[in-house]
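Take a look at the letters that make up each chain.
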Amino acid sequence: MSLDYVKFSSGFEKFMPKEYRDMVEHGPFGKKVSVSQMGSFKEVLEEHPMCAGCAMTLFIRLAMIAFPNPEDTITVGTAGCGRLAISQAAIPFVYGNYGDQNGVASGLSRGLRLRFGDKPKDVVVMAGDGGTADIGFQQVLHSWFRKERFTTIMLDNEVYGNTGGQESGMTNRGAVLKMAPLGKKFEKMDMLQMAKVAGCAYVATVVPNNPRRVESVIKKAVLIAREVGSTYIQAYTSCNIEYAIPTDKVMEDAKNVENDRYQFSEYITDEAKQFLTERYGYKEFLPKPAAPAPGLPKS
Amino acid sequence: MSEALEPQQKTNPQGDPITSVSAPKVEAKKDPHADAKQQKVVTPEYMFLEAPRTKEFITGSEAAKEAIRRSNVDLAIAYPITPQSETMQLVGVLYGEGYVKEYYRGEEEVGVMAAIAGGSRAGVRCYTATAGPGTLRGLEGIASWPGHRLPVVAMFTCRVVNAPLAIQPDNIEVSYLLNCGMIVFHAENQQDMYDFTLAGFVISEKNDVTLPVGVCCDGFFVTHARGYVRMQDRGMKLPPREPWRGAVPVLDAENPPARLSRDAPVQKSNFMAYNIHAVWQQEVWAAVERSRKYINQYMGGLLTAENVDDAEAVIIASGSAAAQSREAVRICAEKGIKIGLIKIRSLRPFPTQELRKLCGKAKLIVVPEFNYVGWLAKEVATAIYGFSNAKIIGGPRVYGGQSMPVELIVDEVESGLTGKKSTNVAMSQVMGASAADHEAMGHFMRSI
């Protein structure tokens, strides 16, 4: 609910739900906040039932701070750990059926466009690696091929965490997990490449131990999805329970994995670059000024 | 369907064969959406009860198309499957003409039903259609619509679902839809397809209903055959969906309170979670019950009864079996047998009270069906148990694409009245009448 067109009638503020008032008075509704201000404002996601040391929860918090318009954002998810936190956030969340998140988001974003026209109503899918690459695979790929205008975020912990540690398509080859008693026999699925092949306008990998980078890629992905097409972010969000990572080593593990198989990568189409530059004033895609010719005297 | 073709009637008023899906020809000067833009919104009361109608001779798929033309649909999602494909491709033509605002071909039925759920959550009016294996493929999603309280109209053009694969008519899939918590209508003919679809949107979106409506028909018999359909002028349409009217808020981020997880998971292992889910299920089925008054108002009742009052025997049927039964009633009349016909239009909610009242004096009830399991006979027997002493013959039944010769039904009426043993209906499908026949009754009750 945007503050631009919904104002509390004078004298009625106290009748609005407390949580909504908090979001307006102490939270991100109607103003810009940044991850660097964490701890100084009320976040969209505060309470959650996730395990101690859960990197996924940190990532979800960061992502929600990064949403350019949280008061007009709807999240869509499916079964998995992530939705236990996402459903606690102060923005609407669709919890549909198993693996149907990209199908639901297709109908939802089209329906919202019919009703609200150009006024941004951001739809963001957040689902796990199993939800995205296994059970939801078909709907994920088709939504990208159709260039549906919403963002898909994979919370990749490389395992089915919520059901107790089974192998997923995003598990690394050789990993011994439930349902992979002899170790996984095939490679981690290359969803990044598939996203590019399927025509996503923006594809990025990210780990949660770099909050500013998380903020930057989420913002870009959500903005691009408003007009240009599908965007995909794949985030490493370790499961410290199933992979037995000590709580105090979770960030260290994220750093190691970043160096190993989750190096930061960002793919953006020219159309998306132009859109961000012209519509939202991004400067990073402007042509770099030519380096001064050698030999000229320095002034 | 039995009406004779009038010589002056155009037999193909829709123009091209129904398989034609060529995009509307765009003339340089003419706006392809011009006619759609001229449509005027009328109230459902005027549309259903007062507006003058003219008659056309069209297929069931075309009847569905004409209903959608007047239904002010926002989002339609298509996926091909025989015998439904014509319907959704004709809806695609309507999209080209601007009568439907958004339309696409989905990836398959799981994705389609998910996207329909997304569209309905966004607050727009949604329509899709499928058949047989498509229904079962999409059933996880379809069965979740009532719990998510999503107003939608979906059409099911029934066909075989079991192996070996076949595309022929068989309405076994209805039995799967009956327990979803959605409203289920069964169309006998092209006219019903038209009327039930239009009324379905209005009933589906009533505040105290807020449920999906499934309009079933028997594939091919209705979709691919022509019949007379009396329709309102195409220049009128239903009012648009008003999303704020729903029993639950739509997910458009326009509604405080902020922490709005409408689809909150309630899967914790504690009493509150069980209780929340139990109450939610009760509320869904209570909403099904509350739809009765609207079905009476806009469709003229959950069933129709013809010559039932003084009849010693009654045929109870739905869908194409009702059409065949009507002919059986005529043949019986020629033979001097007085027999009535009850056609069930609404399977959910089921016309339990109406049947108890109508069947109180009947001696014989025959329930012909286009499926093996006899879901309607079980519904009827359960509804009238203790309220009627009639012998119930759960048959004849045809399936796998078989047509139903009218003589089969007449045979059951005659043998049922004379006590002669039927060769077409197994003893296990016969219930009641002879109190001594415990064995037969036991068989029947076991199969319920």
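Counting secondary structure elements, chain B contains 16 helices and 17 strands. The buried share of chain B, reckoned over its 448 residues, is 54%. Sequence-distant contacts in chain B: of pairs separated by 6 or more residues, those separated by 24 or more amount to 81%.

Let us now look at the overall build of chain A. Broken down by element type, chain A carries ten helices and seven strands. The C-alpha atoms of chain A give 20 Å as radius of gyration, which agrees with the globular expectation for 299 residues (19 Å, within 12%). Based on the C-alpha atoms only, the size of chain A along its principal axes is roughly 70 × 65 × 40 Å. Burial analysis of chain A (299 residues in total) assigns 48% to the buried set. Long-range contacts, defined as pairs at least 24 residues apart, comprise 67% of the intrachain contacts of chain A with a sequence gap of at least 6.

Residue and element names in this part refer to chain B. Strand β7 (residues 183-187) sits mainly inside the fold: five of its five residues count as buried. Residues of β7 alternate between two faces, with Ile183, Phe185 and Ala187 on one and Val184 and His186 on the opposite face, all of them buried. With two bridges joining them, β7 and strand β14 (residues 346-348) adopt antiparallel strand pairing. Each bridged residue has a counterpart across the sheet, and for Phe185 the counterpart in β14 is Ser346.

Many structure descriptions define interface size as the accessible area lost when the parts assemble. All names here are of chain B. Segmentation of chain B into domains returns domain 1 (34-244) and domain 2 (303-447). Here the C-alpha centre of domain 2 lies 29 Å away from the C-alpha centre of domain 1. At the interface, 23 residues of domain 1 touch 19 residues of domain 2. At the level of secondary structure, the elements contributing two or more residues to the side of domain 1 that touches domain 2 comprise α8 (173-177), β7 and β8 (213-218). No other element matches the five residues that β7 contributes to the side of domain 1 that touches domain 2. In terms of residue class, the side of domain 1 that touches domain 2 is built from 15 nonpolar, five polar and three charged.

Residues and elements named next belong to chain A. An order of β2-β1-β3-β4-β6-β5-β7 is seen for the seven strands of this open sheet, with the pairing classed as mixed. With one partner strand each, in any of the chains shown, β2 (93-95) and β7 (265-268) form the two edges of the open sheet. The average angle at which neighbouring strand axes cross in this sheet is 15°, direction not considered. Both strand β1 (residues 73-77) and β2 contribute to a ladder of three bridges, which runs parallel. Counterpart to Thr75 in the pairing with β2 is Phe93.

Contacts between chain A and chain B engage 37 residues on the former and 36 residues on the latter. Looking at the side of chain A that touches chain B, the elements that each hand over two or more residues are α1 (18-25), β1, β2, α4 (101-116) and α6 (137-145) of chain A. In terms of residue count, α4(A) provides more of the side of chain A that touches chain B than any other element does, eleven residues in total. When grouped by side-chain class, the residues that make up the side of chain A that touches chain B number 17 nonpolar, eleven polar and nine charged.

Take the sheet that holds strand β3 (residues 75-78) of chain B next. With mixed pairing, seven strands are arranged side by side in an open sheet as β4-β3-β5-β6-β8-β7-β14 (chain B). Where the open sheet ends on each side, the last strands, each with one partner, are β4 (102-105) and β14 of chain B. Neighbour-to-neighbour, the strand axes of this sheet turn through a mean angle of 20°, independent of strand direction. For β3(B) and strand β5 (residues 126-130) of chain B, the ladder comprises two bridges, and the chain directions are parallel. The partner of Leu75(B) across the bridge, within β5(B), is Cys126(B). Contacts between α4(A) and the sheet are confined to β3 and β4 of chain B, with β3(B) contributing the most and set at about 150° to the helix.

All names here are of chain B. Remark: helix α3 (residues 60-69) packs on helix α9 (residues 190-204), axes separated minimally by 8 Å, with the N-to-C direction vectors making an angle of 25°. In terms of orientation, α3 lies roughly parallel with respect to α9. Considering the relative orientation of α3 and α9, their crossing is right-handed. In this structure, α3 uses Gly60, Ala63, Ala64, Glu66, Ala67 and Ile68 to contact α9, whose residues at the interface are Gln190, Met193, Tyr194, Thr197 and Leu198.

As for its position among the elements, Met231(B) is in strand β9 (residues 226-232). In contact with Met231(B), other than residues within four places in its own chain, are Arg53(B), Thr54(B), Glu56(B), Glu66(B) and Tyr194(B).

What follows deals with the packing of α3(B) against helix α4 (residues 85-96) of chain B. Residues and elements named next belong to chain B. Following both chains from N to C, one finds α3 and α4 inclined at 35°, their axes separated by 9 Å at the closest point. The handedness of the crossing between α3 and α4 comes out as right-handed. Residues Ser61, Glu62, Ala64, Lys65, Ile68 and Arg69 of α3 pack against Glu86, Thr87, Leu90, Val91 and Leu94 of α4. Partitioning the contact of α3 with α4 into residue classes produces five nonpolar, two polar and four charged.

Turning our eyes to something else, we now look at unusual backbone geometry. With an omega of 0°, the peptide bond between Thr82(B) and Pro83(B) qualifies as cis. Omega for the bond connecting Gly395(B) with Pro396(B) falls within 30 degrees of zero, at 0°, which places this linkage in the cis form. Of note in the backbone geometry, Lys147(A) takes a positive phi value of approximately 60° without being a glycine. Along the chain, Lys147(A) turns up in the loop between α6 and β4 (151-156). What makes Lys147(A) partly exposed here is the crowd of 14 C-beta atoms within 10 Å.

Here the focus is the environment of Leu136(B). Residues and elements named next belong to chain B. One can find Leu136 in helix α6 (residues 133-137). Look at Leu136 and you get partly exposed, because 17 C-beta atoms sit within 10 Å. Spatially, the C-alpha atom of Leu136 lies 7.8 Å from that of Val161, the residues being 25 residues apart in sequence. Not counting chain neighbours up to four residues away, the residues in contact with Leu136 comprise Val161, Glu173 and Tyr176.

Before going further, it helps to spend a moment on the confidence of the model for chain B. Looking at chain B as a whole, its pLDDT mean stands at 90, while 88% of the residues score no less than 70. Scoring the predicted complex yields pTM 0.91 and, for the interface, ipTM 0.90.

Ranked by internal contacts, the top residues of the largest apolar core, which has 205 residues, are Val91(B), Val314(B) and Ile365(B). Broken down by element, this core gets its largest block of residues, ten residues, from helix α2 (residues 55-66) of chain A. Each of domain 1 (34-244) and domain 2 (303-447) of chain B gives at least three residues to this core. Residues within four places of Ile365(B) in sequence aside, it is in contact with Val314(B), Ile316(B), Cys359(B), Val380(B), Ala390(B) and Ile392(B).

All right, on to the environment of Val222(B) then. Residue and element names in this part refer to chain B. Of note, Val222 is situated in the loop between β8 and β9. Residue classification places Val222 among the buried positions, given that 30 C-beta atoms sit within 10 Å. Separated by 172 residues in the primary sequence, Val222 and Gly394 have C-alpha atoms spaced 23 Å apart. If we ignore the near neighbours within four places in the chain, the residues touching Val222 are Gly60, Ala187, Asn189, Gln190, Met193, Cys217 and Ser320.

Moving on: α4(A). Since there are 3.6 residues in each turn of an α-helix, residues three or four apart along the chain are aligned in direction. Residues and elements named next belong to chain A. Given a rise of 1.5 Å per residue, 16 residues ought to cover 22 Å, and the 21 Å separating the end C-alpha atoms of α4 matches this to within 8%. A large share of α4 lies buried, amounting to 13 of its 16 residues. Immediately downstream of α4, the backbone of Gly117 shows phi near 60°, a positive value.

Cut-offs applied
Residues numbered from 1 in each chain as written. Chains lettered and ligands numbered in written order. Predicted model: local features only at pLDDT ≥ 70, side-chain atom pairs only at ≥ 80, totals over all residues. Helix = DSSP H or I, 4+ residues; strand = E, 2+ residues; numbered from the N terminus. Buried ≥ 20, exposed ≤ 12 C-beta atoms within 10 Å, placed from the backbone. Contact = placed C-beta atoms within 7 Å. Rg over C-alpha atoms; globule rule 2.2 N^0.38 Å. Pairing = 2+ DSSP bridges. Domains from an automatic or database assignment. Nonpolar A, V, L, I, M, F, W, Y, C, P; charged D, E, K, R; others polar. Axes fitted to C-alpha atoms, helices over the stretch in contact; angles between N-to-C directions. Parallel < 35°, antiparallel > 145°, perpendicular 65-115°, else oblique. Left-handed = near helix turned anticlockwise from the far one by under 90°. pLDDT = per-residue confidence, 0-100. Core = buried A, V, L, I, M, F, W, Y, C linked by C-beta atoms within 7 Å. Expected span 1.5 Å × (residues − 1).

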